[in-house]
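As a plain string of letters, each chain reads:
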Amino acid sequence: QVQLVESGGGLVQAGGSLRLSCAASGRIFRINAMGWYRQAPGKQRELVATITSGGSTNYADSVKGRFTISRENAKKTVYLQMNSLKPEDTAVYYCNAALVSWSSGYEYDYWGQGTQVTVSS
């Protein structure tokens, strides 16, 4: 059984920083792309950043220059360093991984349970 477990959310003042982590576990054959999404109250879930297994990254325009996504393949972990946080970054942040498990042999999307990030003004 595959699981994604996030950590690192919390309450921070505007201008502050947080680092999110997401570790994948279970019978995983290969992890392809990993990423972070967020959902604010009353809004749809939106992409924040993604990273391929080779390290290529993609960011939402709203976070470019402030957020950095990275990963440690050996640890099956993806990170999101968030700097210069703004109140509009407040949301539940979800980890996503496109991976192949030993049981299925096919690529599926997996999601973490979400971690709350609250930025006060």
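Bear in mind that the values here come from a model prediction, so they are computed numbers and not experimental data.

> Sorry if this is basic, but what is going on with unusual backbone geometry here?
In most cases, non-glycine residues show a negative phi, while peptide bonds are predominantly trans. Non-glycine residue K76 carries a positive phi angle of around 55 degrees. Of note, K76 is situated in the loop between β7 (67-72) and β8 (77-82). A relative accessible area of 28% means that K76 is categorised as partly exposed. You will see that S84, though not glycine, has its phi angle at about 50 degrees, which is positive. Mapped onto the elements of the fold, S84 is located in the loop between β8 and β9 (91-101).

> Is there a simple way to think about the sheet that holds β8 in this case?
The strands making up a sheet are joined through hydrogen bonds of the backbone, oriented either antiparallel or parallel. Within the open sheet, the four strands sit side by side as β1-β3-β8-β7. Their pairing is antiparallel. Two strands in the sheet have a free side with no partner beyond their single neighbour: β1 (3-7) and β7. The sheet shows a mean angle of 15 degrees between the axes of neighbouring strands, taken without regard to direction. As paired strands, strand β3 (residues 18-25) and β8 are joined by six bridges and run antiparallel to one another. Directly across from L20, in β8, lies its bridge partner L80.

> Would you take a moment to explain the nonpolar core for this structure?
Taken as a class, soluble globular proteins show a tendency for nonpolar side chains to be buried jointly. Membership of the largest hydrophobic core comes to 31 residues, with the highest contact counts inside it found for W36, L80, M82 and Y93. Listing elements by their share of this core, those giving two or more residues are β3, β4 (28-39), β5 (46-51), β7, β8, β9 and β11 (115-120). Element by element, the count of residues in this core is highest for β9, at five residues. Once residues within four sequence positions are removed from consideration, M82 is found in contact with G16, S17, L18, L20, R66, F67, Y93 and V117.

> What am I meant to see in the packing of aromatic side chains here?
To describe a pair of aromatic rings, you give the distance between the ring centres and the angle between the ring planes. Applying the stated rule across the entire model yields two aromatic pairs. When the ring of F29 is compared with that of W102, the centres are 4.8 Å apart and the planes differ by 75 degrees; the resulting orientation is edge-to-face. Placement of F29 in strand β4 and of W102 in the loop between β9 and β10 (107-111) is noted, with a sequence separation of 73 residues between them. Look at F29 and you get partly exposed, because its relative accessible area is 44%. The interplanar angle of 65 degrees and the centroid separation of 5.1 Å between the aromatic rings of Y37 and W111 together place this pair among those described as edge-to-face. Of this pair, Y37 sits in strand β4 while W111 is found in strand β10, placing the two residues 74 residues apart along the sequence. Lying over the aromatic face of Y79, R19 brings its terminal NZ or CZ to 4.1 Å of the ring centre. Against the face of W111 rests R45, its NZ or CZ located 4.7 Å from the ring centre.

So, how was this worked out
Residues numbered from 1 in each chain as written. Predicted model: local features only at pLDDT ≥ 70, side-chain atom pairs only at ≥ 80, totals over all residues. Heavy atoms only, no water. Helix = DSSP H or I, 4+ residues; strand = E, 2+ residues; numbered from the N terminus. Buried < 20%, exposed > 50% of the residue type's maximum accessible area, 1.4 Å probe, protein only. Pairing = 2+ DSSP bridges. Axes fitted to C-alpha atoms, helices over the stretch in contact; angles between N-to-C directions. Core = buried A, V, L, I, M, F, W, Y, C linked by side-chain atoms within 4.5 Å. Contact = heavy atoms within 4.5 Å. Phe/Tyr/Trp six-rings, centres within 6.5 Å; stacked < 30°, edge-to-face > 60°. Lys NZ or Arg CZ within 6 Å of the ring centre and 35° of its normal.

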